[in-house]
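# Architecture and fold: a report
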Amino acid sequence: MSLLSNTQGRPERVRSLVGLLSAHGGTMPREEVYDWLLPRPFRNRDQVPTSIQNTIGAASDLGLVETFRDRLVLVHPHVPTSEDALSDYCHDFLCTTEKQEDRVLLDAFAYFVVRSEQHGSTDWIESNRQVADEVNDVLMKQASEDDERRFNDTKIAPWKSWMTYLGLGWEAPSLPTFYPSVTERLQRVVRDVGMVLGSDREVDAATFMRELASRMPYLDGGERFRSICDSVPFRPTRTTWILSEALRDLHDDGTLRLHVRGDAREGQQLAPDDTHSIRSYFVSVTILRGIA
Amino acid sequence: MSLNRFACWKSPDANEILRTEALQGHESIFLAVHTPMQGFEVEKGTRSAWLEHRTERGFLDALNREGLKHVFAVVEGEPGAGKSHLIRWLKIQWQHQQDLVLLIQRAEGSLDGTLRQIRNELAGEFADHFTGLGEVQQSSLEGRAKDFLSKLANRMDRNSYERESELPTHHEFVEDKQFSRLLHHDQVRSHWGAPRRIMGVVSGEGERNSALADFRLQDIAELAALANDISEVGMRPIQLLRALGREAKRFQPLLEEGLTQQQIYAELGDEVRNSRILVEALNARLNSALQGLLGISLQGLKDLFRRVRRTLKQQGRRLVLLLEDITSFQGVDDQLIDVLVEQSETAQAHDICDLISVVGITPDYLNNHLRRLGNIQDRITFHIRLSTDNDGSFQEVSGVRTPEERLRFAATYLRAVRSGVQALEEWHSTDLDAPVPNACDRCPLREQCHHTFGAVELSSPRHGATQAVGLYPFTSEAINRIFLALHDPRADRNLKTPRGVLQQVLAPSLLKPEAVERGVFPPPDLEGAWLPDSDRLLLGRLHSMVQNLGGDEATRERLRRLIAWWGDRSEASTREDVEGHVRFAGVRKQVYETFELPWLGAAEALPPKDPPTLPAQTSRLSESTTTDLVEKTSGPSLDRDSDGGPRAPKTPTKSPPARKSLGRTDQAEFAQRSAELKNWQEMGRLDDGQWWDARAYELVESLPWRRLGISAYLQEKLFTQQTVALSGSGRTDSRHFVIPSESWVRDGLESHIQLRVAGDTVQDAEFHRRRVARFLRRLARLAQSRVAEVVPSGADGGRLWSVPATATQVLLARAWMRGTASPKDSTSRQWRAVVEKEAPAEASAKERVDSWTAIVQKTSGSHATVREALLHWVNLPQATKGPTAQNVTFLDAEEAAPALLRLVQSGRLDAFPPAVPRREQTAILERLADLAKEVQQRLPQVARRERERLLRLCDDINQACRGGSLPDYIGRVVQVLNSVTKVCPSVPPGAVNEWLKVRDGLRESGVLATNDERGQAVKELDDFLADAGDSDIRNLDGAELLAWAQKAPAKELGQLWELTRSIEASLEQIGRYAEELVLSSGTAGAATLTDVQQIGERLMALAQELEEAIR
């Protein structure tokens, strides 16, 4: 089982489970957990609903919960349960997990980034099935012959749910089925980067981008990104427009300041944007105080 | 030499040539700019069959047809459609030298001026014929307006007419309502603007533009508005005014919507009957009132023309009357028409000459005046129309109907302006057969200029040659785009006419060649009052590109104007055109260079769009003039780096999914919507607010609510279609989630709707998607702020109040007090008691301390509502929409579980706000806070107080038992009472009965067995009493104490306590009885020794029983 196989184990439900266990000192009898998450009078039959089984499964996949005899145990008793903190945890976990079934989540997102860059837009996104097929095709290039299909359209709904939870995109009526936008996540990552590189001081663009790549491996220069680029194949020549756009957003928001040097074409090349004051290049970044 | 700052014309020439009036005397200009008129429509006339060709020449031929002795020809067309031009052309082309050709121009627009023209034209031999034709008074306009109103008021009276047959329409109505009294009233004379307006029109005040002088519904509304200031005119006029006021309320909104008077009559019918009748009655009397002012008798004008025609008849000549605009005769137009229809052959004396008349009229005049004149229409010889009906609004005007006609028309004027008046006069005076001078023919920049700006091939049937006339500084797109955008916001007039091309398209630029010479073209004057704001805006990405261009504001504005009118303001792409020119936003690169404006296009260009489909007759135009005049089509999707940097590799892809339509939304509506947003930014008011609110809600609805930490409950209460509102879209209050008018909101909404209109380039579409994503990100923060506004901080002021925590704790406290859950139960069991529908209480709270009872009672009325809200709040359904979204499928324990545990551990509720703002949608929050307050006031002490109460009871009972066990005590008491009643039958029954009543109660509740007062229940109570003295109980606290108190047999202890109290009272009563008995025996004096001995024995026995009982 994987995070995406547990289709009803949505992020907010995982958070509920983690919060429940945390309140009880990190461990509870399974039956107690069931009675909390859906007391018997609300169940159709006296059996454990799939939603609870999937939620426990998803939490287990994320390394948050494990089973010990008839009890559920929180692996990290002090895992924070606020929306943002748990989202950070899940993001970090998915960035580093070695479990192939769960690596699929960010690999698929990396494909969104690469494919959108290759196309120059998200117009390539047509339907859940088409997206699932394309993602699967690319991921299977990295798989052995015996491997089963890694992505399909039934996984799209939970995948979108997790991506939105991680702050990597949006769903809206005028947007494609899932619109990749990393500003939310980047803002949180930049805060962490600021703790390492310091705030209110200029950091050269390359250093900054390296830090991002290590923390967001599905974006430019990151390990997942490079792997997907190889599979597509695609050779990036500049910052992807998805990351460029997020950097400009944070520049506008006052989270960071991108520095350009006149009209010089040096430093980190962004996807061009004629509508923005930061057109094509930035040489350094200042993460602004209060963010770090 | 280059085109930069090169103006190939002079301002004075443009000023002379672009004048649309008074070309008489400037025949050279007239001929130079004349565009043969053709393709007009022919209406039914008595000789319409003779109009073989629908051209100006065909019309002229028909008028000159041999044997035609009388012609009454009507040239119908919107103001500016070219009626005057055609009629002037007829004058120039009229070949019959012996005819008296009288051209009456509309130049002055006033009746006075018109009569003066007639007088001037007929000066000399006809001067004496003017006897009886009056002079317009020379008083001020205001003075004439008052005179006019007086005459109008008089015309409402029957006495003003000599004969019954002269009475105009609706005379009964105006007499019955005593309308003349109203018109004579000082307030009406001073404040009713209609007479002043009408006098202004007939006096040629301002630009008359064929405006009709007549009364309208709006005048009635204005009259009705004076009602409050009018008195002492009698009941009937006052009643009429009130009725008019009511009717005005009905028709004014429709007038504001742009409905015509006739449409309003059709829609409202009798609801505006009085107003309609008054409009008709006033207009029916208008001419006679005006004639009174002019001093013209009813026959004056007729007599004049009859005299002239008699003279001409005698001379063997014809009269040719060419009247540019019959509205110039308003006031005497009825007479004039009588003149025009009087035929020489039907005149009694056959003494008047033949008459050829051509009269220009507007569709408005035709419909509102001419058609009222009975059979006049049947006497029209030829009726041609220069404009055609267009969906009931303004008519399309011949000569400028198609893009090609407009370009041809504009090119003739551009040619003339560049050549100059002097060259035209030379041409006219020397060689009229030569082609019209064309400055382009000898211009060294011609090739470059025509290549960049386009040119029109003008052919002349007369000369057979063609001339290429450059459109510089315009392009075909600019001329057509400006023309198509012309719009009168008051809908008073049609501007899409030949006159519109001259005055609104060409003149603003050509009158100021210095704008080109100074490098500030296109100038601000280009955008006159008739170009709607909505058409000036650059849309979407283009707007942002120009805004972020940097540099000076004036340059950005010039760039905006150039793109808005010369290009395509919705397309931010760089594209090749069919001639291989690179265009950005639809404007050729060389045009930007010519006007020294920055080039925003990319280094690489998209391929041309599909060739536009153009009508066959455009084949004469060069290709450069036939670009995107039709709706644009989307081209292949390609990405471009606008800065020329490396571009990402491309792979062929399938077409993107078709975007949904906005219903009637297309690019035109999108532009309108963008303008609404722009107006919102500037004015703070959002037109069509409901439509915009609905668009905003579409995006609000799609937010990831649970990720934002906003429960389904709050989402559904605070963010509904009814409560989501854009600031300025309508009235809002504290119930609304108001989205401010900030740039990110406007951008997001604009992009949201743009994405639903097909036709964007890939780059543009992505730009809009990014803006929607940015909008969602900020909207999410705004929604969270809204929640923070509605859900206050807890009492500690820090974190947001956890509603599910408080709800859980209140309901759990209630469950504890009702005994349906114990703090010693598992948390899941207690949670179940919180969320489940309540089961019957296991113990009565009435037997407890007041605070215990109060917690149950205070929460009785609201617990079900709170529970329902809690479930809604913590429910995490898989589907967020649809029928299953309400099913309880998974509960969020994240806040509830720790709250429950905290209450168990501390016996205190978490912090909650001391007060919650009152809001209709979230009234339950206010109620919950109140309940929490009630519970919190009592819960921390309730267990301790109950313990104290219980222990007091236990002490009292144990004291009564005097150290013995409870069963023994009860047994002994039973025995005593049995003995007492036996030994002393006269013992007062009350003393025993009270005890018996309590005992029966204990039996009923099972504490005492029926036949065994020492049964199990009593033993259990006895055990509880024995434990009550234990110090451990005194040391209990928190959940342990509450659990102990819950388990205590509170009801039974209470009953026992009562029992012991009644036993003690009974024994005391029996004791008193015995004492009284002894005393009474000793003092009565009648008792024997035997009596004394018997009493002594009974007392002895009683004493023994009592002693035993209390031992």
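Let me begin by describing the structure that accompanies this report. Every value quoted in this text rests on a predicted model; they were computed, and no experiment measured them.

### What to know about the overall build of chain A
Helix and strand content of chain A: eleven helices and ten strands. With 292 residues in all, chain A has 62% of them scored as buried. Relative to all contacts within chain A whose residues are 6 or more apart in sequence, the contacts with residues 24 or more apart total 65%. With the model as given, the accessible surface of chain A reaches about 10,900 Å², and the carbon-plus-sulfur share is 45%.

### Re helix α10 (residues 194–202) of chain B
Residue and element names in this part refer to chain B. Here α10 lies mainly inside the structure; seven of its nine residues are buried. Within α10, burial applies to A194, P195, I198, M199, G200, V201 and V202. On its buried face, α10 is in contact with α5 (111–121), α6 (141–154), α11 (217–224) and α14 (273–294).

### Some remarks on the packing of aromatic side chains
Given two aromatic rings, one states the distance between the centres and the angle between the planes to describe the pair. Inspection of the entire model under this criterion finds 28 aromatic pairs over all chains. Ring centres of F112(A) and W124(A) lie 5.0 Å apart, and the angle between their planes is 65 degrees; on these two criteria the pair is classed as edge-to-face. Here F112(A) is found in helix α5 (residues 100–119), whereas its partner W124(A) is found in the loop between α5 and α6 (128–141), with twelve residues between them in sequence. Looking at F112(A), the relative accessible area reads 2%, which means it is buried. Site record: aromatic cluster; members linked through ring pairs are Y111(A), F112(A), W124(A), F151(A), W159(A) and F178(A). Just above the ring of W50(B) sits the side chain of R65(B); from NZ or CZ to the centre is 4.5 Å. We note R695(B) situated over the ring of W691(B); from NZ or CZ to the ring centre the distance is 4.6 Å.

### What about the packing of helix α31 (residues 743–754) of chain B against helix α32 (residues 762–790) of chain B?
Residues and elements named next belong to chain B. Put simply, α31 and α32 touch, their axes get as near as 8 Å, and they point 130 degrees apart. Between α31 and α32, the angle is such that the two are oblique. Taken as a pair, α31 and α32 cross one another with a handedness that is left-handed. Within the contact between the two elements, α31 uses W744, V745, D747, G748, L749, E750, S751, H752 and Q754 and α32 uses H768, R771, V772, F775, R778, L779 and L782. Looking at the contact of α31 with α32 residue by residue, the class counts come to seven nonpolar, five polar and four charged.

### Describing the interface of chain B and chain A
Taken together, the contacts link 71 residues of chain B with 69 residues of chain A. Viewed at the interface, chain A and chain B are joined by nine salt bridges. Across the pair E245(A) and R774(B) runs a salt bridge, and its minimum N-O distance is 2.1 Å. One can count 28 residue pairs in polar contact (both at pLDDT 80 or more) joining chain B with chain A. Of all the elements in the fold, those that place two or more residues in the side of chain B that touches chain A are α25 (540–547), α29 (689–701), α32, α34 (827–835) and α37 (896–906) of chain B.

### With respect to the nonpolar core
Counting residues in hydrophobic clusters, the biggest one holds 216 residues, and the most contacted among them are F208(A) and L247(A). Every residue in contact with L247(A), bar those within four places of it in the chain, is listed here: L186(A), F208(A), M209(A), L212(A), L256(A), L258(A), L270(A) and F282(A). Within the second largest apolar cluster, 100 residues are counted, among which are C449(B), A485(B), V501(B) and L538(B).

What counts, and where the lines are drawn
Residues numbered from 1 in each chain as written. Chains lettered and ligands numbered in written order. Predicted model: local features only at pLDDT ≥ 70, side-chain atom pairs only at ≥ 80, totals over all residues. Heavy atoms only, no water. Helix = DSSP H or I, 4+ residues; strand = E, 2+ residues; numbered from the N terminus. Buried < 20%, exposed > 50% of the residue type's maximum accessible area, 1.4 Å probe, protein only. Contact = heavy atoms within 4.5 Å. Areas by Shrake-Rupley, 256 points an atom, 1.4 Å probe, with all protein chains shown as cover. Phe/Tyr/Trp six-rings, centres within 6.5 Å; stacked < 30°, edge-to-face > 60°. Lys NZ or Arg CZ within 6 Å of the ring centre and 35° of its normal. Axes fitted to C-alpha atoms, helices over the stretch in contact; angles between N-to-C directions. Parallel < 35°, antiparallel > 145°, perpendicular 65-115°, else oblique. Left-handed = near helix turned anticlockwise from the far one by under 90°. Nonpolar A, V, L, I, M, F, W, Y, C, P; charged D, E, K, R; others polar. Salt bridge = Lys/Arg side-chain N within 4 Å of Asp/Glu carboxyl O. Polar contact = N/O pair within 3.5 Å; in protein donor to acceptor, adjacent residues only side chain to side chain. Core = buried A, V, L, I, M, F, W, Y, C linked by side-chain atoms within 4.5 Å.

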